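Residue strings, one per chain:
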Amino acid sequence: MAGNDNWINSYLDAILDAGKAAIGGDRPSLLLRERGHFSPARYFVEEVITGYDETDLYKTWLRANAMRSPQERNTRLENMTWRIWNLARKKKEFEKEEACRMLKRQPETEKARADATADMSEDLFEGEKGEDAGDPSVAYGDSTTGSSPKTSSIDKLYIVLISLHGLVRGENMELGRDSDTGGQVKYVVELAKALSSSPGVYRVDLLTRQILAPNFDRSYGEPAELLVSTSGKNSKQERGENSGAYIIRIPFGPKDKYLAKEQLWPFIQEFVDGALSHIVKMSKAIGEEIGFRHPVWPAVIHGHYASAGIAAALLSGSLNLPMAFTGHFLGKDKLEGLLKQGRQTREQINMTYKIMCRIEAEELSLDASEIVIASTRQEIEEQWNLYDGFEVILARKLRARVKRGANCYGRFMPRMVIIPPGVEFGHIIHDFDMDSEEENPNPCPASEDPPIWSQIMRFFTNPRKPMILAVARPYPEKNITTLVKAFGECRPLRELANLTLIMGNREAISKMHNMSAAVLTSVLTLIDEYDLYGQVAYPKHHKHSEVPDIYRLAARTKGAFVNVAYFEQFGVTLIEAAMNGLPIIATKNGAPVEINQVLNNGLLVDPHDQNAIADALYKLLSDKQLWSRCRENGLKNIHQFSWPEHCKNYLSRILTLGPRSPAIGDREEQINTPISRRNHIIVISVDSVSKEDLVRIIRNAIEVIHTQNMSDSTGFVLSTSLTISEIYSLLVPAGMLPTDFDAFICNSGSNIYYPSYSGETPNNSKITFALDQNHQSHIEYRWGGEGLRKYLVKWATSVVERKGRTERQIIFEDPEHSSTYCLAFRVVNPNHLPPLKELRKLMRIQSLRCNALYNHSATRLSVVPIHASRSQALRYLCLRWGIEVPNVAVLVGESGDSDYEELLGGLHRTIILKGEFNIPLNRIHNVRRYPLQDVVALDSSNIVGVEGYSTDDLKSALQQMGMLKH
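Quantities reported herein were computed from a predicted structural model and do not represent experimental measurements. (Residues numbered from 1 in each chain as written. Predicted model: local features only at pLDDT ≥ 70, side-chain atom pairs only at ≥ 80, totals over all residues. Heavy atoms only, no water.)

Asker: Would you mind going over helix α26 (residues 643-654) in detail, with residue names and values included?
Answerer: An ideal rise of 1.5 Å per residue puts 16 Å on 12 residues; α26 measures up with 16 Å between its terminal C-alpha atoms. Along α26, 9 of the 12 residues are buried, which leaves the element largely enclosed by surrounding structure. Among the residues making up α26, those that are buried are Trp 643, His 646, Cys 647, Asn 649, Tyr 650, Leu 651, Ser 652, Arg 653 and Ile 654. One side-chain oxygen of the residue at the start of α26 lies 3.2 Å from the amide nitrogen of Glu 645, identifying that residue as Ser 642. (Helix = DSSP H or I, 4+ residues; strand = E, 2+ residues; numbered from the N terminus. Expected span 1.5 Å × (residues − 1). Buried < 20%, exposed > 50% of the residue type's maximum accessible area, 1.4 Å probe, protein only. Polar contact = N/O pair within 3.5 Å; in protein donor to acceptor, adjacent residues only side chain to side chain.)

Have a look at this one:
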């Protein structure tokens, strides 16, 4: 092959022609279009670097070009060619596998949705089927148009926002420092400030993670940071020291380590326990401060992004408070985009992004939320519609039935509310005449120019030309390379304008994340390829406070802002640009469509069509009348995206949420209840053993405490899927008294009982069990009741065991072990049960919000309310009776019922009893679509394993946990 450059070029050319659909889609090759012949260098830049982000291929290319020997150079190029071909082949294979998977699952999903929709159509009122078809408020639940409650009627609201990832602080935000510190961080901080300044809002807490890691500013470790103080702001309302907006940093996860958002999942329950403590204390403090006789509980707990969504769902269930959710960038949309790229399988994507944890958290957020806030209608119809828990047609029918008081058969759908994001209006500019004919007005003396201006202008040979501005982090989905190619290939555009790329902050490319480094490297390669020196600026650093000055500079030069991301979820930068008098060129995919409908201040383009991007930019910058009209429209209409307008719409929806509050025992109740007097609680939640072994574990645990003379300070709770009658039948024949326990968590967390004697003394009394009615009110949220039961009975008849031509039903309703909030079903052959994750998927498609579990070694199916679980019941007990969660130890086996993993996380201590006495459980127990270690920190200091369950084993484990003295 030595010296045979023509062979390599022609081979690459053949790949380009034959595999164009696999590698580059239908777009024509820039290489053949521009020069009339094939260039492997250009092919590499366009198709490999920007398309595949393969940095090792880039290094191979550099090494090949550095070779002096033609033979070595051509050998490297040939190897690289084969690697490119293999990438294209892998992409085709991934696409084929994904298409087959979707083809198989689509009929199942469509059938389930059709069944649910059919149920909703059986007894519709006259005219109901078509009457509301075009009403968005019926289709999704609500919109920002039409009448809404007046916010002036509210008073002393407490609102909790949650955003867990990234570096969150109020001043000098380090936006772009890493992939997690971007638009969402800015959004939630500004939302907290704006809400606290709204009439009737007393306090806003933004809960995030406390970061004490080295190389990070100490401000991220401060437990609390005041954002806005409302004291003295409004003379009509008395304000106290707890009023205003605060960032509250909750410690969870490794104390000395900064965690990316993909690494937070195992520690979410730690956050929930810490946040629960803060909210209870603050609610009491606000109540005392404003003179109420009761705590002022949050009006809403609002999760931002999937991880905060699942945290908000757990807090909402623990506190019996309404939940709202904003997805920001949804997992299913990201998964589909990554699969279409064809570089990774579904398993590889999950390993990198923990995408299945994210999607499951978003599904759970749909289950638990009363309101889901979206920025655009497109987000609802094209993104949320991908999820099992939401479907536009069914949402329309349910909404119509609720408005008319019709039966919804136990089905519920969260209200989708469209509220565009807001922006701060402190920097709107009117500092030069829009109608001025002066080509390049001199803004002000150089001494008054913001410092960032000179940092940008130094790149340009002619800094007076209109400036095209892009503000985006260097990620492939931001499509920066296509923008550079559009600019580089259009000579008239290059002669007319300069290009400024604000791509976050960086020290050195070699220290950047691989993906960001690859994008930035390809940008610099393109600048060199097109010889754009003196025409493109790409400063390494800028402060968040300097971003408005950058917009102003572009507006001063009569330039344009451009955002050509493949898909734009929010488009806040477009609103900021309009606020600073800058017309826009934006992607036609996502929020920009609806933003431009309101602002009418620019042009929309196909982000994949670089010619269209270049043409739109040239048209906007060369037509002065068009530019001035777009600028005027943007400034005139921008008020619709103000934070006050956003907060007005937000609060009007929050006020419609039904009143709910947690049940906390008063002082008299706590004095009279044994569990509240304990210093420590031992919870026995061992599912993976026989009843005989369970009895021995209970007896040994009680004996350890008795021999240590700690019976008065240490209480016991049995947490199980058994009914209260089954527990009685387990304990009494074994010679134990139910009164040895302070409480029983039964029916997989759907019932809590307190044992006691009916008489004055045990000798002349019988044991009674008091059901906690307050707990029942906590978990009844969205319980489907009879409608859910009827559907499950119908579903059970379809689950059969097939032998030849005969079919035998294997699941039957079990009224004996059912209760008001637990529907039990008997399983006669667990080997033929469907996986639990499939059952939960089916329930969500049906809009039946519940928690399904296999227990008793999969011989029983229990279906309980969405907020009912054994871990949540434990939080309820701690909340109601004033128990500190770290003073609780939970005993579990090596496996357990379907809610087993939820018992492992949190601030309580967990003791795993290991040994051959554990019964292996069937795979169908598994709810997860991901490994256990993705959601549980098994190496946590709060978790200890012990071999066996003898008194010595249990004593040793309790000593390790600090529950017993050595």
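Asker: A description of the pattern of salt bridges should follow, citing residues and the corresponding values.
Answerer: A complete count under the given rule lists 29 salt bridges for this structure. We note a salt bridge from Lys 803 to Glu 801, for which the minimum N-O separation is 3.6 Å. Assessed through its relative accessible area of 56%, Lys 803 is described here as exposed. What makes Glu 801 buried here is its relative accessible area of 6%. In this structure, a network of salt bridges that share partners links the residues Arg 169, Glu 174, Arg 177 and Asp 217. (Salt bridge = Lys/Arg side-chain N within 4 Å of Asp/Glu carboxyl O.)

Asker: Tell me about the sheet that holds strand β28 (residues 909-914), residues and numbers included.
Answerer: Taken together, 8 strands build an open sheet; the order of strands is β20-β19-β18-β17-β16-β27-β28-β29 and the sheet is mixed. In this open sheet, the two strands that pair with only one neighbour each are β20 (767-771) and β29 (943-947). Across the sheet, the mean angle from the axis of one strand to that of its neighbour is 25°, orientation sign disregarded. Pairing geometry for strand β17 (residues 714-719) and strand β18 (residues 743-746), over 3 bridges, is parallel. Its bridge partner being in β18, Leu 718 is matched across the sheet by Phe 744. Here helix α29 (residues 724-731) sits on the sheet in contact with β17, β18, β19 (751-757) and β20, set at roughly 125° to β18. Across the sheet, helix α34 (residues 951-960) touches β16 (680-684), β27 (888-892), β28 and β29, and the angle it forms with β29 is around 160°. (Pairing = 2+ DSSP bridges. Axes fitted to C-alpha atoms, helices over the stretch in contact; angles between N-to-C directions. Contact = heavy atoms within 4.5 Å.)

Asker: Could you give an account of the side chain of Glu 576, naming the residues involved and the relevant values?
Answerer: Along the polypeptide, Glu 576 turns up in helix α22 (residues 572-579). Side-chain polar atoms of Glu 576 contact the side chain of Lys 186, separated by 2.5 Å. Once residues lying within four places of it in the same chain are set aside, the contact partners of Glu 576 are Lys 186, Val 423 and Tyr 551.

Asker: So what's going on with the nonpolar core? Which residues, and what values?
Answerer: Counting residues in hydrophobic clusters, the biggest one holds 103 residues, and the most contacted among them are Leu 501 and Tyr 650. Of the residues forming this core, the biggest block, 8 residues, is contributed by helix α9 (residues 183-196). Among all residues touching Leu 501, those that are not within four sequence positions of it are Ala 470, Ile 480, Leu 483, Val 484, Val 523, Val 536, Ala 537, Tyr 538 and Pro 539. Met 282, Leu 330, Leu 364 and Ile 681 belong to the second-largest nonpolar core, a separate cluster that totals 101 residues. (Core = buried A, V, L, I, M, F, W, Y, C linked by side-chain atoms within 4.5 Å.)

Asker: Explain the sheet that holds strand β25 (residues 850-855) residue by residue, including any values.
Answerer: The 4 strands lie next to each other as β23-β24-β26-β25, forming an open sheet whose pairing is antiparallel. With one partner strand each, in any of the chains shown, β23 (811-813) and β25 form the two edges of the open sheet. Ignoring strand direction, the axes of neighbouring strands in this sheet form an average angle of 25°. Sheet analysis places β25 next to strand β26 (residues 860-865), joined by 6 bridges and oriented antiparallel. The residue of β26 that forms the bridge with Leu 853 is Ser 862. The sheet strands contacting helix α31 (residues 785-796) are β23, β24 (823-827), β25 and β26, and the helix crosses β24 at an angle near 10°.

Asker: An account of the packing of helix α11 (residues 306-319) against helix α33 (residues 870-881) is requested, with residue identities and associated values reported.
Answerer: The geometry of α11 relative to α33 is characterised by a closest axis approach of 9 Å and an angle of 50° between their N-to-C directions. Regarding the angle of α11 to α33, the classification is oblique. Handedness of the crossing formed by α11 with α33: right-handed. Contact residues: Leu 314, Gly 317, Ser 318 and Leu 319 in α11; Gln 872, Arg 875 and Leu 879 in α33. The class makeup of the residues in the contact of α11 with α33 is 3 nonpolar, 3 polar and 1 charged. (Parallel < 35°, antiparallel > 145°, perpendicular 65-115°, else oblique. Left-handed = near helix turned anticlockwise from the far one by under 90°. Nonpolar A, V, L, I, M, F, W, Y, C, P; charged D, E, K, R; others polar.)

Asker: Talk me through the pairing of strand β2 (residues 157-162); I want residue IDs and the actual numbers.
Answerer: Most of β2 is tucked away: 6 of the 6 residues are buried. With burial as the criterion, each face of β2 is covered, one bearing Leu 157, Ile 159 and Leu 161 and the other bearing Tyr 158, Val 160 and Ile 162. Crossover β2 to strand β3 (residues 201-209) through α9 is right-handed. Sheet analysis places β2 next to strand β6 (residues 300-304), joined by 4 bridges and oriented parallel. Paired with Ile 162 across the bridge in β6 is Gly 303. (Right-handed = clockwise from strand over helix to strand, strands pointing away.)

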